[in-house]
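Here is how the chains run, residue by residue.
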Amino acid sequence: MIDLRLDEEHEALRKTVQEFARDEVAPVIGDFYEREEFPYEIVAKMGRMGLFGLPFSEEYGGMGGDYFALCLALEELARVDSSVAITLEAGVSLGAMPIYRFGTAEQKQRWLPRLTTGEQLGAFGLTEPGGGSDAGATRTTAKLDGDHWVINGSKAFITNSGTDITELVTVTAVTDVKPNGRKEITAIVIPSGTSGFTVSKKYSKVGWNASDTRELAFADVRVPAENIIGEQGRGYAQFLSILDEGRVAIAALSVGLAQGCVDECLRYVGEREAFGHKIGTYQAIQFKIADMEVRAHTARLAYYAAAAKMLRGEPFKREAAIAKLVSSNAAMDNAREATQIFGGYGFMNEFPVGRFYRDAKILEIGEGTSEVQRMLIARELGVG
Amino acid sequence: MPNIVVLVKQVPDTYSERKLAESDHTLDRDSADAVLDEINERAVEEALLLKEAQGGEVTVVSVGPDRATDAIRKALSMGADKAVHVSDEALRGSDVLQTAKVLAAAVGKVEGYDLVIAGNEASDGQAGAVPAILAELLGVPQLTHARKVELDGTTLKVERESEEGITRLEASLPAVVSVGEKINEPRYPSFKGIMAAKKKPVETLTVADLGIDAGEVGLGNAWTSVLEAAPKPPRTAGQRVTDEGDGGSKVAEYLVAQKLI
C-alpha cells in the first residue's frame, strides 16, 4: 500500500550529501562557527555538486530534481551542521524559488543560471524589525516614479543578504492600499550594490553562526519597474506559497539536527565511562537515546508526508505546519538531551552537540513560530 | 580523442570496521558498508578531466560481485559514459594475478582503448600490483604512482611519485596509468549525474564470456593464499612521562629506545 523507501536516485543523492557533509563540512565547520565566518569554499563546493540547483529545471542550470531532493540534502547537511544547511535552504527556497516560480522568462534567464549553481546567492526580505509572522504589517513601501520603483523601509533577519556573492534580495513592499483598506504587497528584486540599499553588519546570533544574517535598509532605492516579481499586488499570495514549501524544508533541516544528535550520542556513549562502565550501558542513557531516535524518526515521517502531498500537487498547508512543528520540537528536545548526555563536554563548543543546542532554538521561530504553526493547523481544521 | 578505460573496485568503507571471513580469510563483505574505493574516484576524476579537455569516452571496468553495481553507478554518476562489469561466483577469492588476467580480458572488450587509468592501490587488499600486472598482460607501457598526468595526442607524460622522489615518465598510447592520492580532488556526483547514470549502459559479463576457464580463477586456484589473519591489536594507552625536571631527557631517551631519533 504505502512505500516509504526512497527511490534509487534520491537514495544516491542522500548518500552523496551524507559523504560530503562528513568529509568536507564536519572537519572544518566548527572553526568557521567560532569565528562567525561564512564558509565560502564549502558553499562553492555545494554549488559545484549541484545542490543549489536541485529543484530547478536544467534550462536554468538546475539539476532537474524536485523539492524533496532538496529536503534530503538539507537533512543530511543539518545532521552535521545547520549553518551550511540554512545557507542552502535560503539560497534555494527563498533566493531563487520566487524568481523561478513567479518571474518572467527574462528575469529567469538573467538571474537563475548563477543562483542555481551557487556562484551567487539570492535572499528574500519579508520580515521587518517590527513584524515577523504578521506579514501583513509590512511597512516598507515602493512607489512608481516613471519607469522606476522607489523603495523605502527596512528588513530584519535576512539570510544570505550580505555575503560577497549575494547578487540580489527580493523584498516585499507596500505598493498601494486596496479599496478595502488592506495593503497591496508586491515583491521586487533589488540587486546588491544598488544605491541607497544598505546592508548592515552581521547580527551577533545565538546559533547558525557560520551563516550570513543581516538587517537591510532602503533609502530611496531605485530599481527598474521590470524588477517586480509576477504581477503587482501578488506579493502576499506569493510568499504564502513560498513559506508553505519552506516549512517542509525547515522541517527536513530540523530532522537532520535531531538525527545528528542521535549520531553524536551513539558515538559518545560507547566511549565515555562513568562509575566503571560505558555510559551507554545505563538505562537512563539508553532511554534518552531511544526517545531521541523516536522523535527524529516520527518527525521525518511527518516531513516525508508533507513533501509527498506537495509533489502530488495537493494542498499541503496543514501537513507542512505539522511537520515544521513536530520536527522543530524534535530538534530542540534532542539537542537538549544530547547536551545533557555529553555533560560538561556538551557545554563546550569543541563538541558538535553544543553547536546543535545553539542552532536548535531558531527552528522553533524561523519560517513561522511554533505558535503560528498551531494557528495554521487549527485554521485548517476550521477552528476559530 | 582518447578512449579511456577506468578500473574501479568496490571495497569496504574505511569508516567502518573491516573484517576477513574466519573460514577462508576472504573479505567479509557483510561486515562493512561497500563503497567505491576513494583512489578509484580519483582515477575516474582524472579520466573525466581528460575527457572534458580533449573529448573521447570513459568506460568503467570492474570485477566484483553483483552488488559492485553500486560502485559502478557512482562512477557513472560522476560522469563516465558506460561500464563493463565482470561478475561471476567463480571469481570469489581471486588473487592479484587472476584479477589482472580477468581485467585484461575485460579491457580487451573495450574496442580501441587508448588509456587505462587505475588507482595505485586498493584500500582493502593493498597489494598495489594489479595495474603493473595488467600492463604486462596487455603488453603496453605501465606508468604507475602518477601524481600528474598529461596527454598530448598519443604521447602520455606522467610524474611518478615514490619515496625516492619524482620521476618523469613518457610513453606512447596505449598505456596503463595508476594514480596516487595527490592526483586530484574527485568531484561529488550531482543529482543530474545520478539520474543520467541510470540510463547509461552496463554490460555484465561472466568469466566464460571473456573466454576464461572458471578453473583458472577463484580462491581454490589462486597463486597466493592467506594462511592466517588476526585483527590489529587495539591501540595501547602509550607511555606517560611526568615532568619532574627531567621530562625532556626522559622523552629523548624514549625516542632513542624506539630508534626514532
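The structure displayed is predicted, hence computed values, not measured ones. (Residues numbered from 1 in each chain as written. Chains lettered and ligands numbered in written order. Predicted model: local features only at pLDDT ≥ 70, side-chain atom pairs only at ≥ 80, totals over all residues. Heavy atoms only, no water.)

*Asks:* What is the right way to look at the environment of Ala225(A) in this model?
*Replies:* All names here are of chain A. Within the element layout of this structure, alanine 225 appears in the loop between β7 (213-224) and β8 (228-229). Once the C-alpha coordinates of alanine 225 and glycine 47 are considered, the two residues, 178 residues apart in sequence, prove to be 31 Å apart. Here alanine 225 is in contact with Leu144, Asp147, His148 and Trp149, once residues within four sequence places are set aside. (Helix = DSSP H or I, 4+ residues; strand = E, 2+ residues; numbered from the N terminus. Contact = heavy atoms within 4.5 Å.)

*Asks:* Mind showing me how you'd approach the nonpolar core here?
*Replies:* Among soluble globular proteins, nonpolar side chains are generally buried collectively. With 100 residues, the main nonpolar core has Leu77(A), Leu88(A) and Tyr303(A) as its most contacted residues. Ranked by the residues each element gives to this core, the list is headed by helix α6 (residues 235-269) of chain A, at 17 residues. Apart from residues no more than four positions distant in its own chain, Tyr303(A) is found in contact with Phe68(A), Cys71(A), Leu72(A), Glu75(A), Val248(A), Ala251(A), Ala252(A), Val255(A) and Ala323(A). Ranked by size, the runner-up nonpolar core spans 33 residues in total, among them Val6(B), Met78(B), Leu156(B) and Ile183(B). (Core = buried A, V, L, I, M, F, W, Y, C linked by side-chain atoms within 4.5 Å. Buried < 20%, exposed > 50% of the residue type's maximum accessible area, 1.4 Å probe, protein only.)

*Asks:* Which parts of the structure should I look at to understand the packing of aromatic side chains?
*Replies:* Remark: the centre distance and the inter-plane angle together describe each pair of aromatic rings, the angle taken between the planes. Residues and elements named next belong to chain A. Evaluation of the coordinates by the stated rule reveals 14 aromatic pairs over all chains. Geometrically, the ring pair formed by tyrosine 236 and phenylalanine 239 is edge-to-face, given 5.1 Å between the ring centres and 75° between the ring planes. Here tyrosine 236 pairs with phenylalanine 239, and both are found in helix α6, just three residues apart, close to one helical turn. For phenylalanine 239, a relative accessible area of 1% puts it in the buried group. Taking the centre distance of 5.1 Å and the plane angle of 90° together, the rings of tyrosine 303 and tyrosine 304 count as edge-to-face. Accessibility assignment for this pair places tyrosine 303 and tyrosine 304 in one class, buried. Members of the aromatic cluster, joined through ring pairs, are Tyr268, Phe342, Tyr345 and Phe351. Lying across the ring of tyrosine 100, lysine 108 places its NZ or CZ 5.9 Å from the centre. (Phe/Tyr/Trp six-rings, centres within 6.5 Å; stacked < 30°, edge-to-face > 60°. Lys NZ or Arg CZ within 6 Å of the ring centre and 35° of its normal.)

*Asks:* Help me understand the domain arrangement of chain A in this model?
*Replies:* Where interface size is given, it is often the accessible area lost as the parts come together that is meant. Residues and elements named next belong to chain A. Under the domain assignment used here, chain A contains domain 1 (8-121), domain 2 (123-234) and domain 3 (236-380). For domain 1 and domain 3, the distance between their C-alpha centroids amounts to 20 Å. Listed by partner, the interface residues are 25 residues for domain 1 and 28 residues for domain 3. Buried surface at the junction of domain 1 and domain 3, summed over both partners, amounts to about 2,200 Å²; 61% is from carbon and sulfur atoms. Among the residues domain 1 hides against domain 3, the three largest losses belong to Tyr33, Glu75 and Arg79. Together they make up 27% of the total. Counting the contacts that link domain 1 with domain 3 gives four salt bridges. Viewed at the interface, domain 3 and domain 1 are joined by nine residue pairs in polar contact (both at pLDDT 80 or more). Those elements giving two or more residues to the side of domain 1 that touches domain 3 turn out to be α1 (8-35), α3 (67-78) and α4 (82-102). Of the residues that constitute the side of domain 1 that touches domain 3, the class distribution is 15 nonpolar, three polar and seven charged. (Domains from an automatic or database assignment. Buried area = accessible area lost by both parts, 1.4 Å probe. Salt bridge = Lys/Arg side-chain N within 4 Å of Asp/Glu carboxyl O. Polar contact = N/O pair within 3.5 Å; in protein donor to acceptor, adjacent residues only side chain to side chain. Nonpolar A, V, L, I, M, F, W, Y, C, P; charged D, E, K, R; others polar.)

*Asks:* Which parts of the structure should I look at to understand the interface of chain B and chain A?
*Replies:* Counting residues at the interface gives 12 residues for chain B and 19 residues for chain A. Buried area between chain B and chain A, summed over both chains or domains, comes out near 1,500 Å², and the portion from carbon and sulfur atoms is 61%. For Lys74(B), the salt bridge goes to Glu19(A), with nearest N and O atoms at 2.9 Å. On inspection of chain B and its partner chain A, the count reaches three residue pairs in polar contact (both at pLDDT 80 or more). Residues that form the side of chain B that touches chain A fall into these classes: six nonpolar, one polar and five charged.

*Asks:* Explain the UniProt feature "domain: Acyl-CoA dehydrogenase/oxidase N-terminal" (unreviewed entry) in chain A here, please?
*Replies:* Feature annotation in UniProt assigns "domain: Acyl-CoA dehydrogenase/oxidase N-terminal" (unreviewed entry) to the following positions: residues 8-119 of chain A. With 72% helix and 0% strand, residues 8-119 of chain A has its two end C-alpha atoms placed 28 Å apart. (UniProt positions renumbered as here; feature names shortened; annotations may be inferred.)

*Asks:* Any chance you could explain α4(A) here in plain terms?
*Replies:* Spacing of three or four residues puts side chains on the same side of an α-helix, whose turn is 3.6 residues. All names here are of chain A. Between its terminal C-alpha atoms α4 stretches 28 Å, which fits the 30 Å expected from 21 residues at 1.5 Å a residue. Along α4, the sharpest kink reaches roughly 45°, centred on alanine 96 and followed within four residues by the proline proline 98. Counting buried positions along α4 yields 19 of 21 residues, so the element is predominantly enclosed. For α4, the capping residue at the N-terminal end is aspartate 81, with a side-chain oxygen 3.0 Å from the backbone nitrogen of serine 83. (Expected span 1.5 Å × (residues − 1). Bend = angle between axes of the 7 residues up to and from the residue.)

*Asks:* Can you help me understand the UniProt feature "domain: Electron transfer flavoprotein alpha/beta-subunit N-terminal" (unreviewed entry) in chain B in this one?
*Replies:* Sites flagged by UniProt as "domain: Electron transfer flavoprotein alpha/beta-subunit N-terminal" (unreviewed entry) map to residues 24-214 of chain B. Between the C-alpha atoms that bound residues 24-214 of chain B the distance is 19 Å, and the span itself is 29% helix and 29% strand.

*Asks:* When you look at the sheet that holds strand β9 (residues 165-172) of chain B in this model, what are you seeing that I'm missing?
*Replies:* Strands belonging to one sheet form pairs held by backbone hydrogen bonds; the direction of such a pair is parallel or antiparallel. Residues and elements named next belong to chain B. An order of β9-β8-β7-β10-β6-β1-β4-β5-β11 is seen for the nine strands of this open sheet, with the pairing classed as mixed. Taken across any chain shown, the strands that pair with only one partner, and hence form the sheet edges, are β9 and β11 (202-205). Looking at each pair of strands side by side, their axes are set apart by 30° on average, direction ignored. Of the pairings in the sheet, the one linking strand β1 (residues 3-8) to strand β4 (residues 57-63) comprises six bridges and is parallel in character. The residue bridging valine 8 from the neighbouring strand is serine 62, located in β4. Sitting on the sheet, helix α1 (residues 38-54) is in contact with β1, β4, β6 (115-119), β7 (142-152) and β10 (175-179), with an inclination near 150° to β6. Of the strands in this sheet, β1, β4, β5 (82-86) and β6 are in contact with helix α3 (residues 96-108), which crosses β4 at around 150°. (Pairing = 2+ DSSP bridges. Axes fitted to C-alpha atoms, helices over the stretch in contact; angles between N-to-C directions.)

*Asks:* How do you make sense of the pattern of salt bridges when you look at a structure like this?
*Replies:* Close approach of charged atoms allows side chains with opposite charge to pair. All names here are of chain A. Summed over all chains, the structure comprises 41 salt bridges over all chains. Linking glutamate 76 and arginine 79 is a salt bridge whose minimum nitrogen-to-oxygen distance equals 3.4 Å. Here glutamate 76 and arginine 79 have matching classes, each one buried. Within this structure, Glu11, Arg14, Glu76, Arg79 and Asp263 form a network of salt bridges that share partners.

*Asks:* What should I look at first to understand the pairing of strand β4 (residues 166-177) of chain A in this one?
*Replies:* It is a general feature of regular strands that their side chains alternate between the two faces of the sheet. Residue and element names in this part refer to chain A. Across the 12 residues of β4, nine count as buried, placing the element largely inside the fold. Across five bridges, strand β1 (residues 121-125) lies against β4 in parallel orientation. Paired with glycine 122 across the bridge in β4 is leucine 168. Bridge analysis of β4 against strand β5 (residues 183-191) gives nine bridges, and the strand direction is antiparallel. Paired with threonine 170 across the two strands is valine 189, which belongs to β5.

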